[in-house]
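# Structure at a glance
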Amino acid sequence: MSQKPKKSEPVEANLSFQQMQAAIPKIDRRIKDLENLDINSITKYGDPTVLTLEKTLEATLASIFGTNTVEYERYRHGVTSLNPGSWWPDITLGEIKQSVSESVTESRQQLEGIKAIFLEELGDAGQTSSGKTLKAYEGLELHPAIERAVGNLFKDGHYSNAIEDAVKALNALVRMNSGIDDKDGIALMEFVFSSKSPVLKFNTLADTSDIDEQKGFMMMFSGAVAGLRNPRAHKIIKDDPEMALEFIAFVSLLAKLADKSSK
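The rules behind these values
- Residues numbered from 1 in each chain as written.
- Predicted model: local features only at pLDDT ≥ 70, side-chain atom pairs only at ≥ 80, totals over all residues.
- Heavy atoms only, no water.
- Helix = DSSP H or I, 4+ residues; strand = E, 2+ residues; numbered from the N terminus.
- Rg over C-alpha atoms; globule rule 2.2 N^0.38 Å.
- Contact = heavy atoms within 4.5 Å.
- Areas by Shrake-Rupley, 256 points an atom, 1.4 Å probe, with all protein chains shown as cover.
- Lys, Arg positive; Asp, Glu negative; His and termini not counted.
- Charge placed at Lys NZ, Arg CZ, Asp CG, Glu CD.
- Core = buried A, V, L, I, M, F, W, Y, C linked by side-chain atoms within 4.5 Å.
- Buried < 20%, exposed > 50% of the residue type's maximum accessible area, 1.4 Å probe, protein only.
- Phe/Tyr/Trp six-rings, centres within 6.5 Å; stacked < 30°, edge-to-face > 60°.
- 1 Å grid on protein atoms, 1.4 Å probe; cavity = no way out; pocket = protein on both sides within 12 Å on 5 of 7 lines; lining within 4 Å.
- Points joined across faces, edges and corners; volume = space filled by probe spheres on them.
- Nonpolar A, V, L, I, M, F, W, Y, C, P; charged D, E, K, R; others polar.
- Axes fitted to C-alpha atoms, helices over the stretch in contact; angles between N-to-C directions.
- Parallel < 35°, antiparallel > 145°, perpendicular 65-115°, else oblique.
- Left-handed = near helix turned anticlockwise from the far one by under 90°.
- Arc of directions from axis to C-beta.

### A short note on the overall build of the protein
A tally of regular secondary structure across the protein gives 10 helices and 0 strands. The helix and strand sequence of the protein, counted from the amino end, reads α-α-α-α-α-α-α-α-α-α. Expected size for 263 residues packed as a compact globule is a radius of gyration near 18 Å; at 29 Å, the protein overshoots this value by more than 25%. Within the protein, contacts between residues at least 6 apart in sequence are counted, and of these 64% link residues at least 24 apart. For the protein, the exposed area adds up to about 15,200 Å²; of that, 51% sits on carbon and sulfur atoms. For the protein, the centre of its 31 positive side-chain charges and the centre of its 38 negative side-chain charges are spaced 2 Å apart.

Below is the structure:
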């Protein structure tokens, strides 16, 4: 009699970044399936809807990790086992529903945990939008005052607060450099960088071109206050990391220009 071949020991899946990125939408779909399962529609042990979802979950795990992997074995029971562990004659429908409900919660938590691991790996490697932007941020040479104001906020993902605080730091820098402390915001910028009688000037104001440059920079400083600080001070704005980075870099440039200006 021939012997059955022994099953090989599970191996680590060692997913590539591309495989992790491809897995996340699949996980999101299965989480949605679990959320959409109507527990009250279950009519018996081994309900067809529940069995179908179990098979779908198992197929998803297999497609992500492969069946002969440590990860597949680690997550298979917690993710795919939705029905009560065993059937007994006197189990009530209410007990079946309760058991399925608890298993659905566990399955969703396990899937969310897998997704969180993938996102962390991708983020650390700079493969996500926020991860790429963080690497770009770390490569910038921001004005010291701007970096002090926004560094922790940006790295923690508080992009709107980082933009607002960047402009607040710029406002404080202009006040300090100009010696004008009785004005704030747009009024401060228009007074300090006025093209007619500036407190701080960017050139000698010798001709029309110089005056236009002075006026243009004044508008940039005023625009930073009006367009970046003020809206975020009065309402909740959700900024994406890439645009936040560009806004902060712009404010940092203004801060450097302020330092180069002369009284």
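Alright, that's what it looks like, and here's the rest.
### Some details on the nonpolar core
Within the largest apolar cluster, 36 residues are counted, with the highest numbers of intra-cluster contacts made by Leu170, Val174, Phe193, Phe221 and Ile248. For this core, the secondary structure elements donating two or more residues are helix H6 (144–155), helix H7 (159–178), helix H8 (185–192), helix H9 (208–234) and helix H10 (241–260). Here this core gets 9 residues from one element, more than from any other, and that element is H7. Not counting chain neighbours up to four residues away, the residues in contact with Phe193 comprise Val174, Pro198, Leu200, Phe202, Gln214, Met218 and Phe221. One finds Met20, Leu37, Ile42 and Phe65 within the second-largest nonpolar core, a separate group that totals 29 residues.

### Quick word on the environment of Leu61
Along the polypeptide, Leu61 turns up in helix H2 (residues 48–65). On a C-alpha basis, the gap between Leu61 and Tyr75 in space is 8.0 Å, while along the polypeptide they are 14 residues apart. In this view, Leu61 contacts Gly66, Tyr72, Tyr75, Arg76, Val79, Thr80 and Ile114; residues no more than four positions away in its chain are not counted.

### Quick look at the packing of aromatic side chains
Pairs of aromatic rings are described using the distance from one ring centre to the other and the angle between the two planes. Under the criterion given, the structure shown has 8 aromatic pairs. By way of ring pairs, the aromatic residues Phe193, Phe202, Phe217 and Phe221 are connected into one cluster.

### With respect to the layout of surface pockets
Put simply, the largest pocket is a space of about 200 Å³. Looking at the largest pocket, it is lined by 13 residues, and the ones nearest its centre are Met20, Phe65, Glu71, Ile117 and Phe118. Sorting the residues of the lining of the largest pocket by element identifies helix H3 (70–80) and helix H4 (93–124) as the ones contributing at least two each. With 4 residues, the top contributor of residues to the lining of the largest pocket is H4. In the lining of the largest pocket, the residues fall into 8 nonpolar, 1 polar and 4 charged.

### Focus: the environment of Ile64
Within the secondary structure layout, Ile64 lies in helix H2. When the C-alpha positions of Ile64 and Leu119 are compared, they lie 15 Å apart, and in sequence the two are 55 residues distant.

### A closer look at the packing of helix H1 (residues 17–36) against H2
Geometry of a packed helix pair, given as the angle between the helix axes and the separation of the axes. Where H1 meets H2, the axes come as close as 11 Å, and the angle between the chain directions of the two elements is 165 degrees. As far as their axial angle goes, H2 and H1 are roughly antiparallel. Helix-helix and strand crossings are classified by hand; for H1 and H2 the assignment is left-handed. When H1 is examined against H2, the residues Ala23, Lys26, Ile27, Arg30, Asp33 and Leu34 are found in contact with a partner set consisting of Leu53, Thr56, Leu57, Thr60, Ser63 and Ile64.

### Focus on helix H5 (residues 129–138)
Spacing of three or four residues puts side chains on the same side of an α-helix, whose turn is 3.6 residues. Within H5 the residues assigned to the buried category are Gly131, Thr133 and Tyr137. Each buried residue of H5 sits inside an arc of 165 degrees when the element is viewed along its axis, so together they form one side. Check the buried side of H5 and you find it contacts H4, H6 and H10.

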